[in-house]
Amino acid sequence: MRKHTMVLTAAAAFLPLALAACGNSAATSAAPAPAPSSNTAMPVVPAADKRPAEDKKVGACTVKADLNTQPGGGKALLALTNTGSGPCTLEGWPTLSFLAANNSVIKVPVKKVEQPGAGPKIVLEPGRSAFAGVKWTTCDKGDETCFVATTVKVAAPGTKKPVVADFIGAGGGDQKVLELPVSAVEVGTLQPSTQGVVAW
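All values derive from a computational prediction rather than experimental measurement.

A. Looking closely at the overall build of the protein chain. Helix and strand counts for the protein chain stand at one helix and 13 strands. The order of helices and strands in the protein chain, counted from the N terminus, is α-β-β-β-β-β-β-β-β-β-β-β-β-β. Contacts in the protein chain between residues at least 24 apart in sequence constitute 77% of all its contacts with a sequence separation of at least 6. Total accessible area on the protein chain stands at roughly 13300 Å², and carbon and sulfur atoms take up 58% of it.

B. Seen up close, the state of the cysteines. Per the counting criterion, the structure on display carries two disulfides. Two residues share a disulfide in this structure: Cys 139 and Cys 146, whose sulfurs sit 1.9 Å from each other. The disulfide joining Cys 139 to Cys 146 has a torsion of about 70 degrees about its S-S bond and is therefore right-handed. Neither Cys 139 nor Cys 146 differs from the other in exposure class; each is buried. Sequence-ordered numbering of the disulfide-bonded cysteines in the protein chain gives the connectivity 1-2, 3-4.

C. Just the pattern of salt bridges, in detail. Across all of its chains, the model carries two salt bridges by this definition. With its nearest N and O atoms 2.8 Å apart, the salt bridge here joins Asp 66 to Lys 64. The exposure class assigned to Lys 64 is partly exposed, which follows from its relative accessible area of 35%. Residue Glu 179 pairs with Lys 141 through a salt bridge whose shortest N-O separation is 2.8 Å. Taken together, the residues span a long stretch of sequence, with Glu 179 in the loop between strand S12 (166–168) and strand S13 (180–187) and Lys 141 in the loop between strand S8 (129–138) and strand S9 (147–149) at a distance of 38 residues.

D. Just unusual backbone geometry, in detail. Here the bond from Gln 115 into Pro 116 is cis, since omega is 5 degrees, no more than 30 degrees from zero. Despite not being glycine, Asn 103 shows a phi value in the positive range, around 70 degrees. Under the relative-accessibility criterion, Asn 103 is labelled exposed at 57%.

E. Seen up close, the sheet that holds strand S5 (residues 105–106). Spatially, the four strands line up as an open sheet ordered S5-S4-S10-S11, and their pairing is antiparallel. Both outer strands of the open sheet, S5 and strand S11 (163–164), are each paired with one neighbouring strand and no more. In this sheet, S5 lies alongside strand S4 (residues 95–99) in antiparallel orientation, the contact comprising two bridges. Looking at the pairing, Phe 98 lines up with Ile 106 of S5.

Rules and cut-offs
- Residues numbered from 1 in each chain as written.
- Predicted model: local features only at pLDDT ≥ 70, side-chain atom pairs only at ≥ 80, totals over all residues.
- Heavy atoms only, no water.
- Helix = DSSP H or I, 4+ residues; strand = E, 2+ residues; numbered from the N terminus.
- Contact = heavy atoms within 4.5 Å.
- Areas by Shrake-Rupley, 256 points an atom, 1.4 Å probe, with all protein chains shown as cover.
- Disulfide = S-S within 2.5 Å.
- Buried < 20%, exposed > 50% of the residue type's maximum accessible area, 1.4 Å probe, protein only.
- Salt bridge = Lys/Arg side-chain N within 4 Å of Asp/Glu carboxyl O.
- Pairing = 2+ DSSP bridges.

Okay, structure coming up:
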């Protein structure tokens, strides 16, 4: 009887120690991992560049002007050629002005007409041309309403600096001495091609 009592007493004494050991093992396994050191470098992912691409800059045109007279007289094909180093924009009508032999401005009535149609926005690359029809009413030099132009100046839309137009005769070649008796002028819209430009 004494042996059984001693065995039970020893077992009872050992049980708390075993439970404590098990508890310490579970606590150790459940402990959180240490926080990373503040010296640890974190990878930096750059944000995507969402800025819109810069638009191609297109400004006002620097041009040369040619007036090519057409068979039958009284009309010409105006060509404005981009002489700049970059693209430029043309839209609408060119502005025509006229000078007399003494370089004084003569007030020839100029009417802008929507011919051969509305003038589209034209982006003109260097060396390329846009076209407009020009028509005039000839007159007798002795008439009071007749103006004799020796120089024609042309300003592209959006500019205020006209250039002297080269007046090219119907037979080809520059007409060095221009004497153009006119009483009225009509000018059409600028177009990207010559099709129909003087057919009105």
